[in-house]
Amino acid sequence: MGFHTFDAARADKLEDAARRYRALSAEELLWALSLDGDDVIADLGSGTGFYTDDAAAIADTVYAVDVQSEMHDYYREKGVPDNVELVTSGVADLPLATDALDAAFSTMTYHEFADEAALTEIARVLTDGGRLVVADWAASGSGDAGPPLDERFTASQTTDALRDAGFTIEHDAVRPETFLVIATRQ
């Protein structure tokens, strides 16, 4: 289960605002992150920077983390905000200091990295009480969009994995095709 990586050759599809915001609106993401303007955050699986740009508008610093350098190339062509730093890395080995982040988020990419090593690494780089927001394709969905059903997780599987990694679940919601989980590092 999991570890599907989006094809960078199809990066243009990640810029379809009408489609993307149906799964998670900018307002909902910003509400879930609960930023105060001086936060240092990371977008885990940032891709073309679609949601990174939304968070960058109200964060001090955003690390746009993606395993595919081609996604960063696309983002550079599109235009990277001054307060965004591109980081080419997998989530299980983040080149960030311990307690470096006030928050982190993953939009439709959790299934690409969800394992114990990645969750332990996220917990390491988040401050005590740091927030993690996960919005992803639900295993209970139809499979008409997003990764194949057998590569998805349920909200329950996700909350269980986050609890095992030392997070407290603050909120979870299941939608027809996606789920949203807000957790804090204990």
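Anyway, here's the lowdown on the structure attached to this text. Everything numeric here is computed off the predicted structure, so don't read it as measured data.

Cut-off values and rules
The residue numbers shown here count from 1 along each chain, following its written sequence. In keeping with the predicted nature of the model, local features appear solely for residues at pLDDT of at least 70, side-chain atom pairs appear and are counted solely at 80 or more, and the whole-chain, interface and lining totals rest on all residues. Each side-chain value is derived from all of the structure's non-hydrogen atoms; neither hydrogens nor water enter the calculation. Put simply, DSSP marks the helices as runs of H or I at least four residues long and the strands as runs of E at least two long, and each gets a number from the N terminus on. Using a 1.4 Å probe on the protein chains alone, a residue whose accessible area is under 20% of its type maximum counts as buried, one over 50% counts as exposed, and one in between counts as partly exposed. We call two residues in contact when some of their heavy atoms are within 4.5 Å. Within the patch definition used here, like charges are joined within 9 Å and nonpolar side chains (Val, Leu, Ile, Met, Phe, Trp, Tyr) within 5 Å, considering only residues with over 30% relative accessible area and no salt bridge. Method for areas: the Shrake-Rupley scheme with a 1.4 Å probe, in which residue coverage is limited to the protein chains shown. For salt bridges, the criterion is a side-chain nitrogen of Lys or Arg within 4 Å of an Asp or Glu carboxyl oxygen. Residues scored as positive are Lys and Arg, those scored as negative are Asp and Glu, and His as well as the terminal groups of each chain are ignored. Lys charges are placed at NZ, Arg charges at CZ, Asp charges at CG and Glu charges at CD. We treat two strands as partners when DSSP finds at least two bridges between them. Here the term right-handed applies to a crossover when the path leading from its first strand over the helix to its second strand runs clockwise, the strands being oriented away from the viewer. The arc refers to the directions leading from the helix axis to the C-beta atoms.

### Describing unusual backbone geometry
With glycine set apart, most residues show a phi of negative sign, and most peptide bonds adopt trans.
Line of reasoning, step 1. Positive phi, normally seen in glycine, also occurs at Ser34, with a value near 55 degrees.
Line of reasoning, step 2. Here Ser34 is to be found in the loop between α2 (26-33) and β1 (40-44).
Line of reasoning, step 3. Given the relative accessible area of 48%, Ser34 is considered partly exposed.
Line of reasoning, step 4. Here Met108, not a glycine, exhibits a phi torsion of approximately 60 degrees, which is positive.
Line of reasoning, step 5. Mapping Met108 onto the fold places it in the loop between β4 (101-107) and α5 (110-113).

### Points about the environment of Leu180
Line of reasoning, step 1. Tracing the sequence through the fold places Leu180 in strand β7 (residues 178-185).
Line of reasoning, step 2. Residues Leu180 and Met108 lie 72 residues apart in sequence; the distance between their C-alpha atoms is 9.9 Å.
Line of reasoning, step 3. Apart from residues lying up to four places away in sequence, Leu180 is in contact with Leu24, Glu28, Trp31, Val133, Val134, Ala135, His171, Asp172, Ala173 and Arg175.

### Quick look at the side chain of Ser46
Line of reasoning, step 1. Its location among the elements puts Ser46 in the loop between β1 and α3 (50-56).
Line of reasoning, step 2. Contact partners of Ser46, with chain neighbours within four places excluded, come to Thr52, Ala64, Val65, Asp66 and His72.

### Some points on a negative patch on the surface
Line of reasoning, step 1. A cluster of acidic side chains, namely Asp36, Asp38, Asp60 and Asp102, defines a negative patch on the protein surface.
Line of reasoning, step 2. Along the chain, the position of Asp38 falls in the loop between α2 and β1.

### Overview of the pattern of salt bridges
Between side chains of opposite charge, pairing is possible as soon as their charged atoms come close.
Line of reasoning, step 1. If you walk through the whole model with that rule in mind, you get 7 salt bridges.
Line of reasoning, step 2. With a closest N to O distance of 2.8 Å, Glu121 and Arg124 form a salt bridge. With a gap of 3 residues between them, Glu121 and Arg124 both fall in helix α6 (residues 116-125), about one helical turn apart.
Line of reasoning, step 3. A relative accessible area of 11% places Glu121 in the buried class.

### Overview of the pairing of strand β3 (residues 84-88)
Line of reasoning, step 1. Pairing analysis gives 5 bridges linking strand β2 (residues 61-66) to β3, with the strands arranged parallel. Across the sheet, the residue bridging to Val65 is Val87, located in β3.
Line of reasoning, step 2. In this fold, the crossover linking β2 to β3 by way of helix α4 (residues 69-78) has right-handed handedness.

### Let's talk about the side chain of Thr52
Line of reasoning, step 1. The topology assignment puts Thr52 in helix α3.
Line of reasoning, step 2. Classification of Thr52 by relative accessible area gives buried; the value is 0%.
Line of reasoning, step 3. Once residues within four sequence positions are removed from consideration, Thr52 is found in contact with Asp43, Ser46, Val62, Ala64, Tyr75, Val84 and Phe105.

### Quick word on α2
Line of reasoning, step 1. Those residues of α2 lying buried are Ala26, Leu29, Ala32 and Leu33. One side of α2 carries all its buried residues, which in axial view fall inside an arc of 130 degrees.
Line of reasoning, step 2. Of the residues trailing α2, Ser34 is marked for its positive phi of about 55 degrees.

### Here we look at the pairing of β4
Line of reasoning, step 1. For β4, the tally of buried residues reaches 6 of 7 residues, placing the bulk of the element in the interior.
Line of reasoning, step 2. Strand direction decides the pairing type here: β1 and β4, joined by 3 bridges, are parallel. Bridge pairing in β4 links Ile41 to Ala103.

All quantities given are derived from atomic positions and should not be read as evidence of function.
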